[in-house]
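Descriptive structure summary
If you want the building blocks of each chain, they are given just below.
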Amino acid sequence: MTAIFVWIIVGLIAGALAKYVVPGEGPGGLVGDIVVGLIGALIGGWLFANVFHLHLAGLFGWIIEALIGAIVLLLIIRLVSGRRTPA
């Protein structure tokens, strides 16, 4: 139960930070930020483990991994949706 709560908090933090790093309209609200953050955590964890052969330890490391994954996810969403953000 505690692990799920921690991952929701990590997802929320990562999703909110990614929303500020990648300009434009996000998938929507607090729930959208959490979903992007949680999926981003999976993507970030996979990238760090399989591409970079690294694993960042501790809560701060998890947030960094999740943030990078969430940024990648938001960039993919922007690319697929075709929305253009102002320069």
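So, how was this worked out
- Residues numbered from 1 in each chain as written.
- Predicted model: local features only at pLDDT ≥ 70, side-chain atom pairs only at ≥ 80, totals over all residues.
- Heavy atoms only, no water.
- Helix = DSSP H or I, 4+ residues; strand = E, 2+ residues; numbered from the N terminus.
- Buried < 20%, exposed > 50% of the residue type's maximum accessible area, 1.4 Å probe, protein only.
- Contact = heavy atoms within 4.5 Å.
- Areas by Shrake-Rupley, 256 points an atom, 1.4 Å probe, with all protein chains shown as cover.
- Expected span 1.5 Å × (residues − 1).
- Arc of directions from axis to C-beta.
- Core = buried A, V, L, I, M, F, W, Y, C linked by side-chain atoms within 4.5 Å.
- Axes fitted to C-alpha atoms, helices over the stretch in contact; angles between N-to-C directions.
- Parallel < 35°, antiparallel > 145°, perpendicular 65-115°, else oblique.
- Left-handed = near helix turned anticlockwise from the far one by under 90°.
- Nonpolar A, V, L, I, M, F, W, Y, C, P; charged D, E, K, R; others polar.

1. Overview of the overall build of the protein
Scanning the protein from N- to C-terminus turns up three helices and zero strands. Seen in sequence order, the protein has helices and strands lined up from the N terminus as α-α-α. Buried positions account for 31% of the 87 residues belonging to the protein. A separation threshold of at least 6 residues defines the contact pool for the protein, and within that pool the share at least 24 residues apart is 71%. Accessible surface, the protein: about 5600 Å² in total, of which carbon and sulfur atoms supply 77%.

2. Focus on helix α1 (residues 2-21)
Along an α-helix, residues three or four positions apart point the same way, because every turn accommodates 3.6 residues. The first and last C-alpha atoms of α1 sit 29 Å apart over 20 residues, in line with the 28 Å expected at 1.5 Å per residue. Those residues of α1 not exposed but buried are Val10, Gly11, Ala14, Gly15 and Ala18. The arc that holds every buried residue of α1, seen down its axis, measures 130°, which confines them to one face. Residues of α1 that are exposed and angled more than 90 degrees away from the buried face: Thr2, Phe5 and Tyr20.

3. Details of the nonpolar core
Within the largest apolar cluster, eight residues are counted, these being Ala18, Val22, Val36, Leu67, Ala70, Ile71, Leu73 and Leu74. Listed in part, the five residues of the second largest apolar core include Val10, Ala14, Ala41 and Ala66.

4. What about the environment of Trp62?
Of note, Trp62 is situated in helix α3 (residues 58-81). Taking the C-alpha atoms as reference points, Trp62 and Ala14, separated by 48 residues in sequence, lie 9.2 Å from one another. Excluding anything up to four places from it in sequence, Trp62 contacts Val6, Trp7, Val10, His55 and Leu56.

5. Side note on the packing of α1 against α3
Interhelical geometry of α1 versus α3 gives an angle of 50° and a closest axis separation of 8 Å. Looking at the two axes, α1 sits oblique to α3. Viewed along their axes, α1 and α3 form a crossing whose handedness is right-handed. Contacts between α1 and α3 involve Val6, Trp7, Val10, Ile13, Ala14, Leu17, Ala18, Lys19 and Val21 from the first element and Leu59, Trp62, Ile63, Ala66, Leu67, Ala70, Ile71 and Leu74 from the second. Counted by class, the contact of α1 with α3 contains 16 nonpolar, no polar and one charged residues.

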